[in-house]
Amino acid sequence: MSAQDWEAARRRLHFGQRFLGTVVRVPSPGAIGIFVDIGLPVTGFVDVLLLPSEAERWPTTGTESEFEVWWADERPQIRLKSADPLFVREDFAQWLTRWRPGGPQEQGLPVTVADVPPSASEAAGGDAHAPQAPVGV
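Residues numbered from 1 in each chain as written. Predicted model: local features only at pLDDT ≥ 70, side-chain atom pairs only at ≥ 80, totals over all residues. Heavy atoms only, no water.

### Focus: helix α2 (residues 92–99)
For step 1, the next point in the chain: Buried within α2 are the following residues: Phe 92, Trp 95, Leu 96 and Trp 99. For α2, the angular spread of buried residues about the axis comes to 100°, placing them on one side. Set apart from the buried face of α2 by more than 90 degrees, the exposed residues are Ala 93, Gln 94, Thr 97 and Arg 98. (Buried < 20%, exposed > 50% of the residue type's maximum accessible area, 1.4 Å probe, protein only. Helix = DSSP H or I, 4+ residues; strand = E, 2+ residues; numbered from the N terminus. Arc of directions from axis to C-beta.)

Written as structure tokens, this is what we have:
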């Protein structure tokens, strides 16, 4: 996908927008995150920071579930969050208040209007759930 095509697609995305998706890859359960096909020409990705602390609770390859747009920046990838509380970190409400306090007010807004989120190292906050950059996406 060209940068121009990605920008056009990104302008149509809104925070909290939901997609039915299928988990297509779980490269390192408990360490990186999961890749999700949401029927668009770009990959969806759920970061380890948004998933349960126990990898056994993560959705497995082939799992169909609903996912929300969490972030989309200049990289042609859509960051997602599971809409199913079973697949979200246990302390999500507290984590959201600390690391993305404006998150609830962003719901429904175009992803292009948001500021850059905290860096991965800031978001990790010393947590064992430190995010890893997806490889090959």
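### Description of the pattern of salt bridges
For step 1, the next point in the chain: As enumerated under the stated definition, the model contains eight salt bridges in all.
For step 2, the next point in the chain: Between Arg 10 and Glu 7 there is a salt bridge, and its shortest N-O distance comes to 3.1 Å. With Arg 10 and Glu 7 both in helix α1 (residues 3–10) and three residues apart, the pair spans about one turn of that helix.
For step 3, the next point in the chain: A relative accessible area of 13% means that Arg 10 is categorised as buried.
For step 4, the next point in the chain: Judged by relative accessible area, Glu 7 falls into the partly exposed class, the value being 24%.
For step 5, the next point in the chain: One salt bridge in this structure joins Arg 75 and Asp 73, with 2.8 Å as the shortest N-O distance.
For step 6, the next point in the chain: The partly exposed category is assigned to Arg 75, whose relative accessible area is 40%.
For step 7, the next point in the chain: For Asp 73, a relative accessible area of 14% corresponds to the buried category. (Salt bridge = Lys/Arg side-chain N within 4 Å of Asp/Glu carboxyl O.)

### Quick notes on the environment of Trp 95
For step 1, the next point in the chain: Along the polypeptide, Trp 95 turns up in helix α2.
For step 2, the next point in the chain: For Trp 95, a relative accessible area of 10% gives the class buried.
For step 3, the next point in the chain: Separated by 45 residues in the primary sequence, Trp 95 and Leu 50 place their C-alpha atoms 9.2 Å from one another.

### Topic: the pairing of strand β3 (residues 43–47)
For step 1, the next point in the chain: Most of β3 sits out of view: four of its five residues are buried.
For step 2, the next point in the chain: Of the strand pairs in this sheet, strand β2 (residues 33–37) and β3 are connected by four bridges, and their pairing is antiparallel. Opposite Gly 33, over in β3, you have Asp 47 as the bridge partner.
For step 3, the next point in the chain: Linking two consecutive strands that pair antiparallel, namely β2 and β3, is a turn of five residues; a positive phi of about 80° is found at Gly 39 within it.
For step 4, the next point in the chain: Examined bridge by bridge, β3 and strand β5 (residues 77–82) share four bridges and lie parallel to one another. Looking at the pairing, Gly 44 lines up with Ile 78 of β5. (Pairing = 2+ DSSP bridges.)

### So, the side chain of Gln 77
For step 1, the next point in the chain: Mapping Gln 77 onto the fold places it in strand β5.
For step 2, the next point in the chain: Within the local environment of Gln 77, its side chain forms a polar contact with the side chain of Arg 79, the two groups lying 3.0 Å apart. (Polar contact = N/O pair within 3.5 Å; in protein donor to acceptor, adjacent residues only side chain to side chain.)

Worth remembering: the numbers are spatial, not functional.
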